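One letter stands for each residue in the lines below.
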Amino acid sequence: MNSYVDAVKNEMRDWKKTIFVIIFTVARLIYGFAWVQAGLEKATSGWLNFAGGHAKGLIAGMAANMLPPKAHGFDPLYINKLWAWVAVHIFNGMPGVTDFLVPICEMAVGIGMIIGFRLLWVALLGLFLNVQFITAGSGNNFGYIWTNIIVMNFAKYFELIGLSGYLKFKKEQRS
């Protein structure tokens, strides 16, 4: 463990990188706790059952927002229509599983952020969830979307002090 700390210190000799790593690590922890809290709120309010019903209306609203007349403009690859079909027929077709997966995925994003593990993929899952939430009408997810994009682009700074940074160090030690 001591050699990992020395390796991190060595990486952070550049003051600019040090500032990025410290700010991004603190932001990652705060952001991770927000995700865990969102998942726990849903889990404790009854979402973690297979009865369904919590996400069904949100998914129906999301699908309606993705299709005409609400969706304007040309959709050359028919992605809106495809995703609306998937949402209605797959996710609303199994509302209990969907209600179970939403808080589990939110908590998984939060835990991944807190421990700093595979943040590109964790942020991608968070981005997927946030795009669904914002399409369903939850405008408070705009900041989350940009945060996920920033994490994806600067993952090496976000992960340096975290599980991925430690595993990368161990891999380099074996080589």
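Residues numbered from 1 in each chain as written. Predicted model: local features only at pLDDT ≥ 70, side-chain atom pairs only at ≥ 80, totals over all residues. Heavy atoms only, no water.

## Some points on the overall build of the protein chain
Right, so step 1: Along its length, the protein chain carries nine helices and zero strands.
Right, so step 2: Going from N to C terminus, the protein chain has its helices and strands arranged as α-α-α-α-α-α-α-α-α.
Right, so step 3: Along the longest, intermediate and shortest principal axes, the C-alpha atoms of the protein chain span 55 × 40 × 30 Å.
Right, so step 4: When the 175 residues of the protein chain are sorted by exposure, 35% land in the buried category.
Right, so step 5: The contacts of the protein chain with a sequence gap of at least 6 include a subset with a gap of at least 24, amounting to 73%.
Right, so step 6: For the protein chain, the accessible surface area stands at approximately 10500 Å², while carbon and sulfur atoms represent 69% of it.
Right, so step 7: Averaging the coordinates of the 15 positive side-chain charges in the protein chain and doing the same for the 9 negative ones gives two points 4 Å apart. (Helix = DSSP H or I, 4+ residues; strand = E, 2+ residues; numbered from the N terminus. Buried < 20%, exposed > 50% of the residue type's maximum accessible area, 1.4 Å probe, protein only. Contact = heavy atoms within 4.5 Å. Areas by Shrake-Rupley, 256 points an atom, 1.4 Å probe, with all protein chains shown as cover. Lys, Arg positive; Asp, Glu negative; His and termini not counted. Charge placed at Lys NZ, Arg CZ, Asp CG, Glu CD.)

## Some points on a positive patch on the surface
Right, so step 1: The grouping of Arg 118, Lys 170, Lys 171 and Arg 174 at the surface amounts to a positive patch.
Right, so step 2: Inspection of the secondary structure puts Arg 118 in the loop between helix H5 (95–115) and helix H6 (119–135). (Patch = residues over 30% accessible without salt bridge, like charges linked within 9 Å, V, L, I, M, F, W, Y side chains within 5 Å. Salt bridge = Lys/Arg side-chain N within 4 Å of Asp/Glu carboxyl O.)

## A closer look at the packing of helix H2 (residues 15–47) against H5
Right, so step 1: At a closest axis distance of 7 Å, the pairing of H2 and H5 adopts a crossing angle of 155°. Comparing the axis directions of H2 and H5 gives the class roughly antiparallel. Considering only the axes of H2 and H5, their crossing is left-handed.
Right, so step 2: Residue classes in the contact of H2 with H5 are distributed as 18 nonpolar, three polar and four charged. (Axes fitted to C-alpha atoms, helices over the stretch in contact; angles between N-to-C directions. Parallel < 35°, antiparallel > 145°, perpendicular 65-115°, else oblique. Left-handed = near helix turned anticlockwise from the far one by under 90°. Nonpolar A, V, L, I, M, F, W, Y, C, P; charged D, E, K, R; others polar.)

## Notes on the packing of aromatic side chains
Right, so step 1: With the rule as written, the count across this model stands at 14 aromatic pairs.
Right, so step 2: Seen from their ring centres, Tyr 4 and Phe 169 are 5.8 Å apart, and the 55° between their planes marks the pair as tilted. Separated by 165 residues along the polypeptide, Tyr 4 in helix H1 (residues 2–11) and Phe 169 in helix H9 (residues 163–174) bring together distant segments of the chain. Exposure class is identical for Tyr 4 and Phe 169. Each is buried.
Right, so step 3: For the ring pair Tyr 31 and Trp 35, a centre distance of 6.2 Å and an interplane angle of 85° mean the geometry is edge-to-face. In this pair, Tyr 31 and Trp 35 are both assigned in helix H2, four residues apart and thus about one turn of the helix distant.
Right, so step 4: Since its relative accessible area comes to 2%, Trp 35 is described here as buried.
Right, so step 5: Put simply, the rings of Phe 20, Phe 24, Phe 154, Tyr 157 and Phe 158 pair up and form one aromatic cluster. (Phe/Tyr/Trp six-rings, centres within 6.5 Å; stacked < 30°, edge-to-face > 60°.)

## Focus: H9
Right, so step 1: In this model H9 runs 17 Å from its N-terminal to its C-terminal C-alpha over 12 residues, within 8% of the 16 Å that 1.5 Å per residue would give.
Right, so step 2: Within H9, the full set of buried residues consists of Ser 164, Gly 165 and Phe 169. For H9, the arc enclosing every buried residue in end-on projection is 140°, short of the 170-degree limit, so these residues lie on one face. Along H9, the residues that are exposed and aim more than 90 degrees away from the buried face are Lys 171, Gln 173 and Arg 174. (Expected span 1.5 Å × (residues − 1). Arc of directions from axis to C-beta.)

## What about the pattern of salt bridges?
Right, so step 1: Tallied over the entire structure, the rule returns two salt bridges.
Right, so step 2: Between Glu 11 and Lys 17 there is a salt bridge whose closest N-O contact spans 2.4 Å.
Right, so step 3: Judged by its relative accessible area of 38%, Glu 11 is partly exposed.
Right, so step 4: Between Glu 106 and Lys 42 there is a salt bridge, and its shortest N-O distance comes to 3.1 Å. Residue Glu 106 is found in helix H5, and its partner Lys 42 is found in helix H2; the two are separated by 64 residues along the sequence.
Right, so step 5: A relative accessible area of 1% means that Glu 106 is categorised as buried.

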